[in-house]
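Chain residues, written in single-letter form:
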Amino acid sequence: ARWCDSTCPVCRFQQHPDQTSCCDVCGQTEGIYICLVCSFIGCINEEGEGHALQHFEATSHAYALEVSTQRVWDWAGNGYVHRLLYNHEDGKMVE
């Protein structure tokens, strides 16, 4: 069911992971992405199409949290956002 309050859906997801989010347009509960710019909740099907992609195309909001993996998708770059971590002792990248 759609959230009943106006708080940030990413924060809600982190604080209440047992509750499910659904697409703002069709109500689907699988393949859910939360826009990190405006909090729109959209879906993506197995073919990579859906309301989350349509939202990006309409708004150019490039970053969304993929709820199932908790990874950030970059629509403009067509890939996940990765943070590089370095070991403070030897300066090598941590994978």
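Residues numbered from 1 in each chain as written. Predicted model: local features only at pLDDT ≥ 70, side-chain atom pairs only at ≥ 80, totals over all residues. Heavy atoms only, no water.

(A) Looking closely at empty space enclosed by the protein. In this structure the tally under the stated criterion is one cavity of 30 Å³ or more. Of the voids in this model, the largest cavity is the one considered here, and its volume is about 50 Å³. Surrounding the largest cavity, Tyr-33, Cys-35, Phe-40, Gly-42, Ala-52, His-55, His-61, Tyr-63, Ala-64 and Trp-75 form its lining. Secondary-structure elements contributing two or more residues to the lining of the largest cavity are strand S1 (32-35), helix H2 (51-59) and strand S3 (63-66). Of the residues contributing to the lining of the largest cavity, the split by class is seven nonpolar, three polar and no charged. (1 Å grid on protein atoms, 1.4 Å probe; cavity = no way out; pocket = protein on both sides within 12 Å on 5 of 7 lines; lining within 4 Å. Points joined across faces, edges and corners; volume = space filled by probe spheres on them. Helix = DSSP H or I, 4+ residues; strand = E, 2+ residues; numbered from the N terminus. Nonpolar A, V, L, I, M, F, W, Y, C, P; charged D, E, K, R; others polar.)

(B) Structural context of the nonpolar core. Core analysis: the biggest nonpolar cluster contains eight residues, these being Tyr-33, Ile-44, Ala-52, Phe-56, Ala-62, Ala-64, Trp-73 and Trp-75. Sequence-distant contacts of Trp-73, that is, excluding residues within four places in its chain, are made with Tyr-33, Ala-62, Tyr-63, Ala-64, Asn-78, Gly-79 and Tyr-80. If you look at the next biggest cluster of nonpolar residues, it comprises six residues, including Ile-32, Ile-34, Ile-41 and Val-67. (Core = buried A, V, L, I, M, F, W, Y, C linked by side-chain atoms within 4.5 Å. Buried < 20%, exposed > 50% of the residue type's maximum accessible area, 1.4 Å probe, protein only. Contact = heavy atoms within 4.5 Å.)

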